[in-house]
Amino acid sequence: MRRILAIARKEFIHIMRDKRMLGVILIMPLLQLFLYAYALSFDIKHLPTAALDLDHTEQSRQYISALQQSNYFTVNRVLNNYGQVDGIFESNQDQVVVVVGSGFGRDTTAGRAGAVQVLVDGSDANSAQLGQTYSGALSRVYGAKIAIAQYEAKGASVSNVGALTGNTRVWYNPEGKSASYFVPGLIVVLVTMVTVLQTANTLVKEKEMGTYEQLIVSPIKRIELMVGKIAPWALIGAVEILVISLIGIIIFGIPFRGSALLLAVASLLYVTCTLALGLIISARATSVEAANQLGSLVSFLPTFMLSGYIFPLSSLPWVLQFLSYLYPARYFMVVTRTVFLKGGGLSVLWPQLAALAGFAVLMTTFAAFLYRERA
Amino acid sequence: MLPMLMLMPVLQLVLFGYVVGSDVKNLQLAVLDYDHTVQSERVVEAFTSSGYFTLAARPTNEAGVKNLLDGGTAVIAIEIPKGLSDSIRARRPAQIGIVVDGSDSRTSQVAAGYAQGIIASLSSQFYALPSAKPGKTAPVGVDAQIRVLYNPTMRAVNTMVPALLAFVLLMSTTNVMSQAIVKERERGTLEQLFVTPIGRSDYLLGKLVPYIGIAVIQVIVTFAVGVLWFRVPFRGSFWVLGIGLMLFLFACLGIGMIISLMSSTRQQAQQTSLFLQMPQMMLSGFMFPIAAFPPWLYFFTFLIPLRYMLVIVRSNFLKGSGFVALWPQFLALAVFSLALFFFGLSRFQKRLAD
Amino acid sequence: MDDGNAIQVRGLGKTFGDFVAVNSIDLDVKQGEIFGFLGPNGSGKTTTIRMLCGTIGSTSGSARVMGYDICDEPEMVRQSIGYMSQKFSLFEDLTVNENLRFYAGIYGLSDEKYAERRTYILEMADLKGREDELTGNLSVGWKQRLALGCATIHEPKLIFLDEPTSGVDPNARRHFWELLYELAHDGVTLFVTTHYMDEASHCNRLAFIYRGDIIAAGSPQEIKGRLAADTIVQIEVDDGEGALAELVKNPDVVEAYMQGSLLNANLGEHSLSQADIGGYLKRAGFVVRHLEPVEPTLEDAFVHLVGQQGGRA
């Protein structure tokens, strides 16, 4: 035990003396937190739009202003003829072009359907998808309003004109605060990126420095070495999770509806997994560069891809879905989201906790195996 | 080390291509049906046969819905009210409740959108207006023909894979370069080199060239995989693409040099590199539409070289945009690239001179 | 302990796949002696030390270190020995104090013991007053002494030193050996590897290892004595390389090699006199400036032994 303490103390001194690294690990995650939580959302508002009015009637103008008022579209410019359309898209000046056909006013007042063409730039599929949906929905709503007005004008009873509509309620995040979405996920991503990379370096550095030889000749057992080396990072990981959570709750006002204890337990299990992963890399990497490469490759993109952070797992091809089950971040992501936003407890989250515990045990056992005496 | 240097980033990015290229579908749906009629079954069927939703469960009350959403078994639920069938027959308006899991706002938004679309078309079917010709369910009011250009199927892969070309360059160049330079600083071999006849510029060139070579190979491989495997259409010109990528490469080299100047150990360089890649991924338009950013962030994105590169690469691939159409982006990219590269270079040479 | 031996090696061997690194060697190191272990790189020197320290396992034979079997009780071995590696194994970004504290913790010293040892080591290494300096800022000589201190913080009775003076200036080297003599005087056994032949002669006994085999063992006198019967002449000539090539052709020359700018020729037990060799070279067109017989040095012995094995040192 004293030996573990000696190692842990030494590791702490290394960390504290490396001021630059400290700055990177502590400040950069916070910077990212502020950037993303404030800024990002999937809401596409203000899609740059160009309008081409071929009708020039009161009705067509009303339609275009309805578009502008919807907030989803920002009509930047008015075109004069159809030939300008290609140029607009090619030079990325606008993403949507709305063409109101000549005869729109005549048709709608006569009770016929007014023709509108909406051209969407598909090269950015994210925006295109939603642009398509919004313009469709908008036109439907607008069309329904016109239809009702027409029927009323004809003296028909509006109550005879029925329609099926959908009434949407958004649970857990009704204000649609993007911070609520991003912050719990960021906890997972940031902690992973720090702990895996740092522990991946830990043993390889000793080997390179030449102090490894000295250590293995001493009475210290390999396991003790392993535990001592990850102890400071376990602490730092825990602190980061705590700090980000507190900032999220206090500064961004994201809700915390679940059990702090549950989150603590899950955090502990998850950090164990990431530290074990780093240790495994450290034991096998042949050089510091290799450890760095492997560490970042394993912690950066996969955490984005396979944890369900940005891209819903249900949409992935089955091979990748299968892979995601093998990646602990997936389970921790569910836990953080649930604890913060949904308030679910053990009864709902026990599968995730079980999975995290299983992985923690498996990975630490494997790491211990790699660190056994007399490899 | 070389095979790993070359292969793993590309492999990861191919994987990434699959992930980001997946269109949102197979959303787990819970159905709370209070009506139990033929019509309500038609509603359910419309949802499940759309390809967007998979029926996860049929809870019998709202508590059941809550459980499903809490536990993540379902991301969306529809509530069919009692009396739907009657309303339809009496031509009274009716409403279907949609509940989405807002903790994943992207998915919930898309899900809600799909749901609304399905309901709207159901509306036209159920409430076919008397004046309409039999069998025809043309909407009245506004007939909006929506055409998606350049990528009609809106395959997300088509948007993401060209972007990956740029991202491969960014990732591998900054990572590897900063490691190599910092390694020599750590070892102290930098001083050693200056006793030799090698000139400083020769040293730098010698250092940069292999990484440029590796980056070029990775870009070519990503391009091949994108076009041949993911079948992303390439309608542009290699010239435009090549020059754009080359400019961007210089920007990345500059960034790599600046990172290596800021770091005294390889570990620092790698961690810094990682933490610089993430915002570039998030804020450059790679994943999130820039148009939706708040104004202060929107202006910030003008400082990210990747932003311009993404416009160039996506436009060139899918729209065939050339130098003329893309001159603002090229100009901005050129300015940034040269500024970053020469700034990095001059600081680097100065440091070597110390 | 085993008949007064700190180290007892019988038939110890290590094979890596097909490669035989250490080939069944025998060794005895008495308590309290300074034992030198010499050999070129790749000769099995490092592998042997690693086996003796218990960090890698052996594939054949056995060894007892400080009375403990290296196979059965490696942890006891590690607790009883000290080790100073070639790279000094100090943590550059820790202060002198912190390094000492670390090793004290590793070896499980009590607080009182640590305080006592710390004072002693700081005194010995002449680092009093510099405890809070970063180790990385110390010059090589001080680092070397600190490393020795850390390696001996738990007062082991046997210390392995792997090339402890490489890269150190001659003055510091001498000072360091004085410290080693003091330790030996106190009854500590020292197992030293070195490249420097002059250091080898400081040792009580030596062993040469070459390509996995011990090719010579004994005191420096005994080893040099192997060549006692040989006549060795040292020649100063204008074209050393050329003369060397010429001498090698001579069947009476057992071996010849450069020593600095001078040429050594071992004439064996032959009656070939010095004058003959001088004349031989002159006839070949070389200008011989000086020629005299010399006492065989350890280096001569080493070269000779290696040459006998069919190799070149």
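Cut-off values and rules
Residues numbered from 1 in each chain as written. Chains lettered and ligands numbered in written order. Predicted model: local features only at pLDDT ≥ 70, side-chain atom pairs only at ≥ 80, totals over all residues. Helix = DSSP H or I, 4+ residues; strand = E, 2+ residues; numbered from the N terminus. Rg over C-alpha atoms; globule rule 2.2 N^0.38 Å. Buried ≥ 20, exposed ≤ 12 C-beta atoms within 10 Å, placed from the backbone. Contact = placed C-beta atoms within 7 Å. Pairing = 2+ DSSP bridges. Axes fitted to C-alpha atoms, helices over the stretch in contact; angles between N-to-C directions. pLDDT = per-residue confidence, 0-100. Parallel < 35°, antiparallel > 145°, perpendicular 65-115°, else oblique. Left-handed = near helix turned anticlockwise from the far one by under 90°. Core = buried A, V, L, I, M, F, W, Y, C linked by C-beta atoms within 7 Å. Expected span 1.5 Å × (residues − 1). Bend = angle between axes of the 7 residues up to and from the residue.

**Thoughts on the overall build of chain A**
Step number 1: Counting its secondary structure elements, chain A contains 15 helices and 5 strands.
Step number 2: Its C-alpha radius of gyration of 29 Å places chain A more than 25% over the 21 Å reference for a compact globule of 375 residues.
Step number 3: The buried share among the 375 residues of chain A stands at 52%.
Step number 4: Sequence separation of 24 or more characterises 78% of the internal contacts of chain A that already satisfy a separation of 6 or more.

**Description of the overall build of chain B**
Step number 1: Scanning chain B for helices and strands turns up 13 helices and 5 strands.
Step number 2: In chain B, which comprises 354 residues, the share counted as buried stands at 48%.
Step number 3: Taking as baseline every contact in chain B between residues at least 6 positions apart, the subset at least 24 positions apart corresponds to 77%.

**A word on the sheet that holds strand β12 (residues 255-259) of chain C**
Residue and element names in this part refer to chain C.
Step number 1: Overall, antiparallel pairing links the 4 strands, which are arranged β12-β13-β11-β14 in an open sheet. Where the open sheet ends on each side, the last strands, each with one partner, are β12 and β14 (288-294). Each adjacent strand pair in this sheet contributes to an overall mean axis angle of 25°, direction not counted.
Step number 2: In this sheet, strand β13 (residues 262-266) lies alongside strand β11 (residues 232-237) in antiparallel orientation, the contact comprising 4 bridges. Directly across from valine 233, in β13, lies its bridge partner alanine 265.
Step number 3: Each of β11, β12 and β13 is contacted by helix α9 (residues 240-249), which is oriented at about 165° to β12, the strand it contacts most.

**Things to note about the interface of chain B and chain A**
Step number 1: Taken together, the contact pairs 103 residues of chain B with 98 residues of chain A.
Step number 2: Sorting elements by how many residues they give to the side of chain B that touches chain A places helix α5 (residues 105-126) of chain B first, with 15 residues.
Step number 3: By the bridge criterion, 8 bridges tie strand β5 (residues 164-171) of chain A to strand β4 (residues 94-101) of chain B in an arrangement that is parallel. Considered in β4(B), the bridge of A:Trp171 is made with B:Asp101.

**A short note on the confidence of the model for chain B**
Step number 1: Per-residue pLDDT for chain B has a mean of 81; in total, 87% of the residues score no lower than 70.
Step number 2: Overall, residues 132-139 of chain B carries pLDDT values under 50, and its contacts beyond four positions in sequence, including any with other chains, amount to 10 contacts.

**A look at the packing of helix α3 (residues 96-106) of chain C against helix α5 (residues 140-151) of chain C**
Residue and element names in this part refer to chain C.
Step number 1: Their axes nearest at 9 Å, the elements α3 and α5 cross at an angle of 25°. Between α3 and α5, the crossing angle belongs to the class labelled roughly parallel. Two packed elements cross with a definite hand, and for α3 against α5 that hand is right-handed. In contact with Val96, Asn99, Leu100 and Tyr103 of α3, α5 contributes Leu146, Gly149 and Cys150.

**Here we look at the pairing of β11(C)**
Step number 1: Pairing of β11(C) with β14(C) involves 6 bridges; the strand directions are antiparallel. By the bridge assignment, C:Val233 is partnered in β14(C) with C:Pro293.

**Describing the interface of chain C and chain A**
Step number 1: Contacts between the two partners involve 20 residues from chain C and, on the opposite side, 18 residues from chain A.
Step number 2: Mapped onto the side of chain C that touches chain A, the elements with two or more residues apiece are α2 (74-80) and α3 of chain C.
Step number 3: Residue contributions to the side of chain C that touches chain A peak at 4 residues, all from α3(C).

**Describing the sheet that holds strand β1 (residues 27-33) of chain B**
Step number 1: In space, the 5 strands of this open sheet follow the order β5(A)-β4(B)-β3(B)-β1(B)-β2(B), with mixed pairing throughout. Among the strands making up the open sheet, the edge pair consists of β5 of chain A together with β2 (53-57) of chain B. Averaged over neighbouring strand pairs, the angle between their axes works out to 30° when direction is ignored.
Step number 2: Of the strand pairs in this sheet, β1(B) and strand β3 (residues 76-80) of chain B are connected by 5 bridges, and their pairing is parallel. Bridged to B:Leu32 within β3(B) is B:Glu79.
Step number 3: Contacting β1, β2, β3 and β4 of chain B, helix α2 (residues 38-48) of chain B runs over the sheet at an angle of about 175° to β1(B).

**Let's talk about the arrangement of the chains**
Step number 1: The pair of protein chains exhibiting the most contacts, out of 2 pairs of chains in contact, is chains A and B.
Step number 2: The smallest C-alpha distance separating chain B from chain C is 13 Å, and no contact links them.

**What about unusual backbone geometry?**
Step number 1: With phi around 55°, A:Asn92 is a residue other than glycine that occupies positive phi space.
Step number 2: Position of A:Asn92 relative to the elements: it lies in the loop between α4 (84-90) and β3 (96-100).
Step number 3: The class for A:Asn92 is buried, based on 21 C-beta atoms found within 10 Å.
Step number 4: The backbone phi angle of C:Glu155 is positive, close to 50°, even though this residue is not glycine.

**Concerning the nonpolar core**
Step number 1: Core analysis: the largest hydrophobic core is formed by 251 residues, its most contacted members being A:Val98, B:Ala166, B:Leu169, B:Phe248, C:Val65, C:Leu190 and C:Phe191.
Step number 2: Leave out the neighbours within four places in its chain, and B:Leu169 touches B:Ala215, B:Val219, B:Leu245, B:Phe248, B:Leu249 and B:Cys252.
Step number 3: Of all hydrophobic cores here, the second largest spans 36 residues; its members include B:Leu29, B:Tyr52, B:Val65 and B:Val110.

**Considering the confidence of the model for chain A**
Step number 1: Residues with a pLDDT of 70 or more make up 94% of chain A, whose mean pLDDT is 83.
Step number 2: Taken element by element, chain A is modelled with least confidence in β5(A), mean pLDDT 73, and with most confidence in helix α10 (residues 260-284) of chain A, mean pLDDT 92.

**Some thoughts on the packing of helix α1 (residues 2-17) of chain A against helix α9 (residues 222-250) of chain A**
All names here are of chain A.
Step number 1: Running from amino to carboxyl end, α1 crosses α9 at an angle of 40°, the nearest separation of the two axes being 8 Å. By the angle between their axes, α1 is oblique relative to α9. You can see that α1 and α9 cross each other, and the crossing is right-handed. Judged by residue contacts, Arg3, Ile4, Ile7, Ala8, Glu11, Phe12 and Ile15 of α1 engage Glu224, Leu225, Val227, Gly228, Lys229, Ala231 and Pro232 from α9.

**Some points on the environment of A:Gly114**
All names here are of chain A.
Step number 1: Assignment of secondary structure puts glycine 114 in strand β4 (residues 114-121).
Step number 2: A residue is classified by how many C-beta atoms lie within 10 Å of it, and glycine 114, with 28 of them, is buried.
Step number 3: Along the sequence, glycine 114 and alanine 137 sit 23 residues apart, while their C-alpha atoms lie 15 Å from each other.

**Focus: the pairing of strand β7 (residues 158-162) of chain C**
Residue and element names in this part refer to chain C.
Step number 1: In terms of burial, β7 is a largely internal element, 5 of the 5 residues being buried.
Step number 2: Neither face of β7 is open: one carries Leu158, Phe160 and Asp162, the other Ile159 and Leu161, and all of them are buried.
Step number 3: The pairing of strand β6 (residues 81-84) with β7 spans 4 bridges and is parallel. Residue isoleucine 81 lies in a different strand from β7, and its bridge partner there is leucine 158.
Step number 4: Relative to strand β8 (residues 189-193), β7 runs parallel, the two being bridged by 5 bridges.

**A look at helix α15 (residues 346-370) of chain A**
Think of an α-helix as 3.6 residues a turn; residues three or four steps apart then line up on the same face.
Step number 1: Look at α15(A): 34 Å from first C-alpha to last across 25 residues, which is about the 36 Å you get at 1.5 Å a residue.
Step number 2: Of all the bends in α15(A), the greatest, near 30°, is centred on A:Gln352.
Step number 3: Structurally, α15(A) contributes buried residues whose contacts are with α9, α10 and α14 (328-342) of chain A together with α3 (62-70) of chain B.

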